[in-house]
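# Fold and contact review
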Amino acid sequence: MGNKIGVFVCHCGINISQMVDVKKLVEYAKGLDGVFISKDYKYMCSDVGANLIKDSIKKNKLDSVVIACCSPRMHEHTFRGVVESGGVNAFNLEIANIREQCSWAHDDKDQATEKAKALVRAAVAKAKLLEPLEKSKINVTPEALVIGGGIAGIQASLDLADQGHKVYLVEKSPSLGGRMAQLDKTFPTLDCSGCILTPKMMEVLNHQNIELLTYSEVVGVEGSIGNYTVKIKKKARYVNMDKCTGCGDCVEACRMKGHVVSDFDEGIGKRSAIYMPFPQAVPLKCTIDPNSCLMLTKGKCGKGALCVEACEAGAIDFKQKDEESEVKVGAIVVATGYDLLDPNKMYEYGYAHSEDVITSMQMERLINSSGPTMGEIIKPSNGEKPKSITYILCAGSRDENECSWCCRIGCMSALKQVYLLKEKLGDDVEMNICYTDIRSFGKGYEEFYRKIRGMNTNMFRGRPSEVRNMGDNLTIDIFDTTTNKLFEIKTDLVVIVPALVSRTDSEEISKILRISKGADGFLLEAHPKLKPVDTATNGIFIAGCCQAPKDIQDTVAQASAAAARAANILSKEELEAEPQVSYVTEELCSGCGTCIAVCPYSAIELVKEEDGTTHAKVNEALCMGCGSCVASCPSGAMQQRGYKDKQLIPMIDEVI
Amino acid sequence: MSITDLTSMSEAQIALRKEINERLIRLQEEISDYCYQCAKCTSGCEAHKLLELEPHKMVALLKRGLIDEMVNSDIIWTCMSCFKCRERCPQKIAPVDILFALKNMAVASGKQIPGNYTAMLQSVLSTGILQEIKSVSTSDNKTKNRDDLGLPEISKPTDPAKFMGMLSKLAVEKV
Amino acid sequence: MKKYALYPGCVMPTEQYAYELSIREIMPKLDIDLVDVKDFSCCGEPIKSVNQMMTLTLSARNIAIAEKQGLDIFAPCPMCHMALTEAKRVLDTDPKMNERVNKFLLEEGLKYTGASDVLSILDILHGVVGVEKIKKKVKKQLNDLKVATHYGCHLIRPSEIGRPDDAENPQKMEEILIAIGAKPEYYPEKLDCCGGLLNANLPESALTKTGQKLQRVQEQKFDAFIDTCPWCHRQYDSKQTKAGETVAAKLDVPVLYLTQMIGISFGISKEKLGLNLNLSPVDKVMGGT
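Residues numbered from 1 in each chain as written. Chains lettered and ligands numbered in written order. Predicted model: local features only at pLDDT ≥ 70, side-chain atom pairs only at ≥ 80, totals over all residues.

### Describing the overall build of chain B
A count of helices and strands for chain B gives 9 helices and 4 strands. In terms of C-alpha radius of gyration, chain B reaches 20 Å, well past the compact-globule figure of 16 Å for 175 residues. Considering only C-alpha atoms, chain B reaches an extent of 70 × 40 × 30 Å along its principal axes. Burial status across chain B gives 42% buried among its 175 residues. Taking as baseline every contact in chain B between residues at least 6 positions apart, the subset at least 24 positions apart corresponds to 63%. (Helix = DSSP H or I, 4+ residues; strand = E, 2+ residues; numbered from the N terminus. Rg over C-alpha atoms; globule rule 2.2 N^0.38 Å. Buried ≥ 20, exposed ≤ 12 C-beta atoms within 10 Å, placed from the backbone. Contact = placed C-beta atoms within 7 Å.)

Shown next, in the form of structure tokens:
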């Protein structure tokens, strides 16, 4: 309670003093009830200003402080420290914003000064009612959860594990690797994707601090920063991981060989029902697809399961069941990656009408030497070598009808593929690229683009309206704005570069973790510039393409950033929680639940007591002090520390 | 300061551009500003191959405010209003509707209306319908008209004078 | 019986009689009651290039007339359907435009309120009647007649204002044709324009568009070309010979209205369906009638 209040008015250079008469304000404050001293200084946030406040507190044994200055968003945190070092509780501080809400908003000096006086009056009224608050402590479990085993998840796991934290790395598919495992080479260096990825995957497998949970999914998350309880479902592979040697005999023997559409090959290749995702899979174990395996769908496989026959290690186990486990972690990193826009959404590009219209990822699988054609470039319709290949960029990107954003990697990945195709097929294969803009923004990218321009490729600046399957060729009309001519391209193979979207299962993850998605469907960062890997939920971080489309180096950078941010939490034994949280006066609470409905952080729950009554309870670790619950509470049972009704009403009285 | 198109020595016609953009907004369509010249509209324009209409260029000229050269041209009358441009534009712009605006402007400014349009307009004004009942030939070389085929009387404005009175007031109305 | 005000437009009742005949034949069999309303005028779409405000007002006027009768409108011509739908869209969502247009309508004692719906031929056949009901009435086998569907432009675009079928992959005509025993097949030129609107000022170019598409249809060995729009049909059927001359090809493609095709499968006679008014070789399709 403030009986001896010090009022400190800042000039903020001339930002405040040119519109508010600071001297008059200081005099006025002196005359207010409860105010012991009143001072001013040019820059209250400076060392000199801070010392002024500190010394005044000590000398005059002040018990409450009012600072009339800029917005609390700027320096409240600093001033709390100053006040505390002067010997007063950090929360016995009230800030009157006489800059953004006064001097910067008005142009009449007299009226602005009167308003400043009212603001200070109100601040003093509150200061008289301030109560000391203590930051509570939260214990921290020094272990982390990483969701997603692509390069982002791999990098984040390695960084955290190297720092000494235990990491649970959960990957939905049977192997680590994500999108990088599907690629052939990476731009602009043309590194073999698998070659740079595999060492990292092996590091993860062998790291003593990483518990790798592949073919597993996160199904539930409870708790808050420092103390998450995570439920993980380990799906049944129907293959005993300890016995399986990864020899692949079962794959060759499988009755469904060549019949099951392979997701890894983006639908352009076929596999068996029992499969190894790719030759360098980590872990190198086979998995049975329960949707295509005859034993699992029909109960019998001919006269006997051929995989069981072929497996010398006896590792097939059709009786396997899903397993659920629970782990406790202190921070979570989400790295769930991206999907390509369904090419049928750009129906006019003819994906549904010709096997020879393929996506860039399907082309990547054709190029890859361990892909469905062993690296041979063929027309899917007849297996022949194409004489002409045409790329259509921006299929669905920068398009208000589909994805309004740029996919960021489309241009470079197309140029990369053109280079590789020229290498494989030689110069007599015509390469056409229809682009809207070539975005070669990164390091080494422009050089790469220049190289492609010099490689006898036909670049058309324009977007085709449709692709027509004329039977013996695919015809594309394109208006080339560089020459202002309409060209008719008769081509064999069309590669469309679709937009990038967030993975469909990120919807589930965002619900389970209670993190937001943007309007574009990607997971939402806390601040687009200054907090690109944080989410609005403390303790949960995002990295890689699940946040927004990006290339591999930006993904890796973000992953390390997320790991560092997570390590900030995990390296502490305890965390401090902001004390200006809401709390419930149980006798006044009827358990109506209105507060729960409005809380954006899911920080409130209904608790049933033994005597049958229900009332709301606030989880202080999750509460961000937004005050929505207080505003919604019909009985006044919900209050916020530091902003109680009885503290705020006198402020209103003073201003009016 | 100024910006001058050196081929025509004209500057941006800001008022006309505003007029067209406002008209588009009134019809709840996208204004031309958002066009990034991908030329998807021209690539698929049904009138381009035959008649060299370039919808993306129309939009660009509108953005620049060089309206007169379009209003005074013949090319704007080549549009077939197939709506493929509007359907496929990634910025939801409708060159077809911009062309309707330009054509309306040409008529309003007193330019000669090409082809049959005058006759169609006159017919609508005086009878309420586009053309009179025709006699058509059949595959066995007979001629038939509406009556011959037993079809009921055609629906037309019952008070043509009143109708024409109302309609002629619209002659000077702009969207 | 569902009742609709028949809004015939201009081209159908003044020259494309076959469409009107076939509609009046099959609709009662499908429990659709068509009411002839007086006082209709042109929808204004063909003169949109001259004065779009006139078009909006004319369309609103026609809807207001149907509203006075308490009826929803069935507009068989896709151009009219689009004009009426567009007028409805603008007046239902913009109070200022609504006020402006209604001021003109007041002169004839009319008021647009937005009470009536506007339906197209596909809305009626595929939506209201339904493919199953049409299938039940089939009496004559079409023996998998290989047909090319032509939706035209105004029926399916622009999708943003709401059209009766999908703009890139319309299938409603196909579904109806399959139900009556025909075999519609995809062809790359399916969504191409007939050029009909250019008849007003560039008739030769219009015929070129028409001829080019028919040529491709002929090359791909279709048995029949099915359309649902009087403007398109005028190009493809009534002017097929001229179109052939324009593109220097001998065109010999049977062109029928969808409603005529349906009527044939119902076993209705040639005359009643106006098939003698088709100038394209439709006898090839009639085969065993």
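### Some points on the overall build of chain C
From N to C terminus, chain C includes 13 helices and 8 strands. Here the C-alpha atoms of chain C give a radius of gyration of 19 Å, agreeing with the 19 Å that 2.2 N^0.38 yields for 289 residues. Expressed as lengths along the three principal axes of its C-alpha atoms, the size of chain C is roughly 55 × 45 × 30 Å. Within chain C, buried positions represent 60% of all 289 residues. Contacts in chain C between residues far apart in sequence, at least 24 positions, make up 77% of those at least 6 positions apart.

### Focus: the pairing of strand E7 (residues 224–227) of chain C
Residue and element names in this part refer to chain C. Of the two faces of E7, the one carrying Ala224 and Ile226 and the one carrying Phe225 and Asp227 are both buried. Bridge count for strand E5 (residues 146–150) against E7 is 4 bridges, and the pairing is parallel. From the neighbouring strand, Thr149 faces E7, where its bridge partner is Ile226. Note: E7 against strand E8 (residues 255–257), 3 bridges, orientation parallel. When the bridges of E8 are listed, Phe225 appears paired with Val255. (Pairing = 2+ DSSP bridges.)

### Quick word on the interface of chain B and chain C
Every contact between the two is made by 59 residues of chain B and, on the other side, 52 residues of chain C. Of all the secondary-structure elements, those providing two or more residues to the side of chain B that touches chain C are helix H3 (48–51), helix H6 (84–88), helix H7 (95–108), helix H8 (117–127) and helix H9 (160–169) of chain B. Per-element tally for the side of chain B that touches chain C: the top contributor is H9(B), with 6 residues.

### Focus on the packing of helix H4 (residues 55–64) of chain B against H7(B)
Residues and elements named next belong to chain B. Two elements in contact, H4 and H7, have axes whose closest approach is 9 Å; the angle formed by their N-to-C orientations is 60°. The hand of the H4/H7 crossing is left-handed. The residues of H7 that touch H4, namely those facing Pro55, Met58, Val59 and Leu62, are Pro95, Ile98 and Leu99. Class assignment for the residues of the contact of H4 with H7 results in 7 nonpolar, no polar and no charged. (Axes fitted to C-alpha atoms, helices over the stretch in contact; angles between N-to-C directions. Left-handed = near helix turned anticlockwise from the far one by under 90°. Nonpolar A, V, L, I, M, F, W, Y, C, P; charged D, E, K, R; others polar.)

### Regarding the nonpolar core
Among the nonpolar cores identified, the biggest contains 285 residues, and Val333(A), Val334(A), Ala566(A) and Ile73(C) are the most heavily contacted of them. The contacts of Ile73(C), once residues within four sequence positions are left out, are Tyr4(C), Ala5(C), Tyr7(C), Ile63(C), Ala66(C), Leu84(C), Ser116(C), Val118(C) and Leu119(C). One finds Val9(A), Cys12(A), Ala29(A) and Ala116(A) within the second-largest nonpolar core, a separate group that totals 49 residues. (Core = buried A, V, L, I, M, F, W, Y, C linked by C-beta atoms within 7 Å.)

### Some remarks on the environment of Ser381(A)
Residue and element names in this part refer to chain A. Tracing the sequence through the fold places Ser381 in the loop between helix H11 (360–367) and strand E21 (388–395). Judged by C-beta crowding, with 14 C-beta atoms within 10 Å, Ser381 ranks as partly exposed. Remark: the alpha-carbon pair of Ser381 and Asp356, spanning 25 residues in sequence, is separated by 6.0 Å. If we skip the residues at most four places from it in the chain, Ser381 touches Ser354, Glu355 and Asp356.

### Overview of the sheet that holds E21(A)
The pairing of strands in a sheet happens through backbone hydrogen bonds and is either parallel or antiparallel. Residue and element names in this part refer to chain A. Strand order in the open sheet formed by 5 strands is E20-E27-E21-E22-E23, with parallel pairing between adjacent strands. Strands at the two margins of the open sheet, each flanked by one partner only, are strand E20 (357–359) and strand E23 (458–461). Neighbour to neighbour, the strand axes of the sheet diverge by 20° on average, direction disregarded. Relative to the sheet, H11 contacts E20 and strand E27 (493–498), its axis offset from that of E20 by approximately 90°. Packed onto the sheet, helix H12 (residues 410–425) meets E21, strand E22 (430–435) and E27 and runs at close to 170° relative to E21.

### A short note on the domain arrangement of chain C
Residue and element names in this part refer to chain C. Along its sequence, chain C is carved into domain 1 (2–121) and domain 2 (132–281). The centre of domain 1, based on its C-alpha atoms, is set 24 Å off from the matching centre of domain 2. Each side of the interface is counted separately: domain 1 has 23 residues, and domain 2 has 28 residues. Those elements that place two or more of their residues in the side of domain 1 that touches domain 2 are helix H1 (11–14), helix H2 (17–29) and helix H4 (78–93). Examining the composition of the side of domain 1 that touches domain 2, we find that 9 residues originate from one element, H2, more than from any other. (Domains from an automatic or database assignment.)

### A short note on the interface of chain A and chain C
Listed per partner, the contact involves 6 residues of chain A and 4 residues of chain C. Residue composition of the side of chain A that touches chain C, grouped by class: 2 nonpolar, 2 polar and 2 charged.

### Points about the confidence of the model for chain B
Of all residues in chain B, 100% have pLDDT values of 70 or greater, and the mean over the chain is 93. Per-residue pLDDT, averaged within each element of chain B, yields its smallest value for H9(B) (91) and its largest for helix H2 (residues 40–44) of chain B (97). (pLDDT = per-residue confidence, 0-100.)

### Considering the sheet that holds strand E6 (residues 183–184) of chain C
Residue and element names in this part refer to chain C. Ordered in space as E6-E5-E7-E8, the 4 strands form an open sheet in which the pairing is parallel. Of all strands in the sheet, those bounded by a partner on one side alone are E6 and E8. Contacts from helix H8 (residues 172–179) reach E5, E6 and E7 within the one sheet, and its direction differs from that of E5 by about 150°. Strands E7 and E8 of the sheet are contacted by helix H12 (residues 258–265), whose axis makes an angle of about 85° with E8.

### Regarding the confidence of the model for chain C
Looking at chain C, the pLDDT average stands at 95 and 99% of residues meet or exceed 70. Complex prediction metrics read pTM 0.89 and ipTM 0.93.

### A look at the environment of Cys193(C)
Among the structural elements, Cys193(C) can be located in the loop between E6 and helix H9 (203–219). Judged by the 26 C-beta atoms lying within 10 Å of it, Cys193(C) falls in the buried class. Sequence separation between Cys193(C) and Thr210(C) is 17 residues, and the spatial gap between their C-alpha atoms is 7.9 Å. When near neighbours in sequence (up to four residues on either side) are disregarded, Cys193(C) contacts Glu46(B), Met80(B), Cys82(B), Cys153(C) and Lys209(C).

### Quick notes on the environment of Cys69(A)
Residues and elements named next belong to chain A. Looking at the secondary structure, you find Cys69 in strand E3 (residues 64–69). Cys69 sits 569 residues away from Met638 along the chain, and the two C-alpha atoms are 30 Å apart. Apart from the residues within four sequence positions on either side, Cys69 is in contact with Cys10, Cys12, Met44, His75, Ile95, Ile98 and Arg99.

### A closer look at H7(B)
All names here are of chain B. If you check H7, its first and last C-alpha atoms are 20 Å apart, about what 14 residues at 1.5 Å a residue would give, namely 20 Å. For H7, the tally of buried residues reaches 13 of 14 residues, placing the bulk of the element in the interior. Of the residues trailing H7, Gly110 is marked for its positive phi of about 90°. (Expected span 1.5 Å × (residues − 1).)

### Description of the packing of helix H2 (residues 47–60) of chain A against helix H3 (residues 72–85) of chain A
How two helices sit against one another is set out by the angle between their axes and by the gap between those axes. Residues and elements named next belong to chain A. The N-to-C vectors of H2 and H3 enclose an angle of 40°; their axes lie 8 Å apart at closest approach. Judged by the inter-axis angle, H2 sits oblique to H3. Here H2 runs over H3; the crossing is right-handed. For the pair H2 and H3, contact is made by Ala50, Ile53 and Lys54 and by Val82, Val83 and Ser85, respectively. (Parallel < 35°, antiparallel > 145°, perpendicular 65-115°, else oblique.)

### Quick notes on H2(C)
Side chains of residues three or four places apart in an α-helix project in the same direction, reflecting 3.6 residues per turn. Residue and element names in this part refer to chain C. Over its 13 residues, H2 extends 19 Å from the first C-alpha to the last, a length consistent with the 18 Å expected when each residue adds 1.5 Å. Residues of H2 that are buried: Tyr17, Ala18, Tyr19, Glu20, Leu21, Ser22, Ile23, Ile26 and Met27. Looking one or two residues beyond H2, the residue adopting positive phi is Asp31, at roughly 65°.

### As for unusual backbone geometry
Note the cis peptide between Phe187(A) and Pro188(A), where omega equals -10°. Turning to its location among the elements, Pro188(A) is positioned in the loop between strand E8 (185–186) and strand E9 (191–192). Omega for the bond connecting Arg157(C) with Pro158(C) falls within 30 degrees of zero, at -10°, which places this linkage in the cis form. With respect to the element layout, Pro158(C) can be found in the loop between E5 and H8. For Asp144(C), which is not a glycine, the phi torsion comes out positive at approximately 55°. Turning to its location among the elements, Asp144(C) is positioned in the loop between helix H7 (131–136) and E5.

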